[in-house]
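Okay, here's what each chain looks like letter by letter:
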Amino acid sequence: MNQDQNIIRCAWCGTDPLYVKYHDEEWGKPVYDDQKLFEFLILESAQAGLSWITILRKRENYRKAFANFDVLQVAAFSQEDVERLLLDDGIIRNRLKVNAAISNAKLFLGIQKEFGSFSNYFWGFLPDKKPIINKLSSHKDLQPRTELSDLISADMKKRGFKFFGTTICYAHMQATGMVNDHIEGCIAR
């Protein structure tokens, strides 16, 4: 409960204005746009082992560093781009994550070619491409993974994706609204 405004929000977003804005306007809202799905793929992969607020605070830096999340441009990044990114203190400077972002962009393009869009592939794991609406009474009821995130991440791993295990996959599903895990009564539900 946010006492200042006397409204209910998921407790995980706390009071940080950036986190609250993300919670209220993005988290759990269905995303079918490939560019936005690619953005979250890059950001969620960068988040591995870190807090999401750390990545949110660097989001605009990622936007600049990764060509406004244009998958074609990122897929074409060279070794010079990798070195440039590793010097950019506005992003997470981890060589494995930077290389994975570029590799994942190439794989993302392959999925677009195979399925017509990444959205078709990703949402195709759900019947009628409709979000799963979970009934949670507390953020303590949130799960870090599900059988579905296991299935999707295993398929993506088989395709060669890196930094996209089941926990990151489930976070991606939540972020892009494939799953709505807002607690009952939350203003963003």
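For the structure given in this document, a descriptive report is provided here. (Residues numbered from 1 in each chain as written. Predicted model: local features only at pLDDT ≥ 70, side-chain atom pairs only at ≥ 80, totals over all residues. Heavy atoms only, no water.)

**Considering the environment of Ile102**
- Within the secondary structure layout, Ile102 lies in helix H6 (residues 95-115).
- Note: C-alpha distance between Ile102 and Leu148 (46 residues apart in sequence) is 25 Å.
- In contact with Ile102, not counting residues within four places along its chain, are Val74, Ala75, Phe77 and Val82. (Helix = DSSP H or I, 4+ residues; strand = E, 2+ residues; numbered from the N terminus. Contact = heavy atoms within 4.5 Å.)

**A few points about the environment of Lys162**
- Assignment of secondary structure puts Lys162 in the loop between helix H8 (147-159) and helix H9 (166-175).
- Ignoring anything within four residues of it in the chain, the contact list for Lys162 reads Ser45, Ala100 and Asn104.

**Focus on the pattern of salt bridges**
- The final tally for this structure, using the stated rule, is 16 salt bridges.
- For Arg63, the salt bridge is made with Glu39, and the minimal N-O distance between the two is 3.3 Å. In this pair, Arg63 is assigned in helix H3 (residues 52-65) and Glu39 in helix H2 (residues 34-47), connecting sequence segments 24 residues apart.
- Across the pair Glu114 and Arg159 runs a salt bridge, and its minimum N-O distance is 2.9 Å. In this pair, Glu114 is assigned in helix H6 and Arg159 in helix H8, connecting sequence segments 45 residues apart.
- For Arg159, a relative accessible area of 26% puts it in the partly exposed group.
- One salt-bridge network, in which partners are shared between bridges, spans Glu26, Lys36, Glu39, Arg59, Glu60 and Arg63. (Salt bridge = Lys/Arg side-chain N within 4 Å of Asp/Glu carboxyl O. Buried < 20%, exposed > 50% of the residue type's maximum accessible area, 1.4 Å probe, protein only.)

**Focus: the packing of aromatic side chains**
- In this structure the tally under the stated criterion is 14 aromatic pairs.
- On the basis of an interplanar angle of 55 degrees and a centroid distance of 5.1 Å, the ring pair of Phe115 and Tyr121 is categorised as tilted.
- The exposure class of Phe115 is partly exposed, given its relative accessible area of 31%.
- Pairing Phe118 with Tyr121 gives two aromatic rings, centres 5.6 Å apart and planes at 55 degrees, and the pair type is tilted. Pair noted here: Phe118 and Tyr121 are both in helix H7 (residues 118-123), with a separation of three residues, about one helical turn. (Phe/Tyr/Trp six-rings, centres within 6.5 Å; stacked < 30°, edge-to-face > 60°.)

Distances and angles like these do not, on their own, reveal function.
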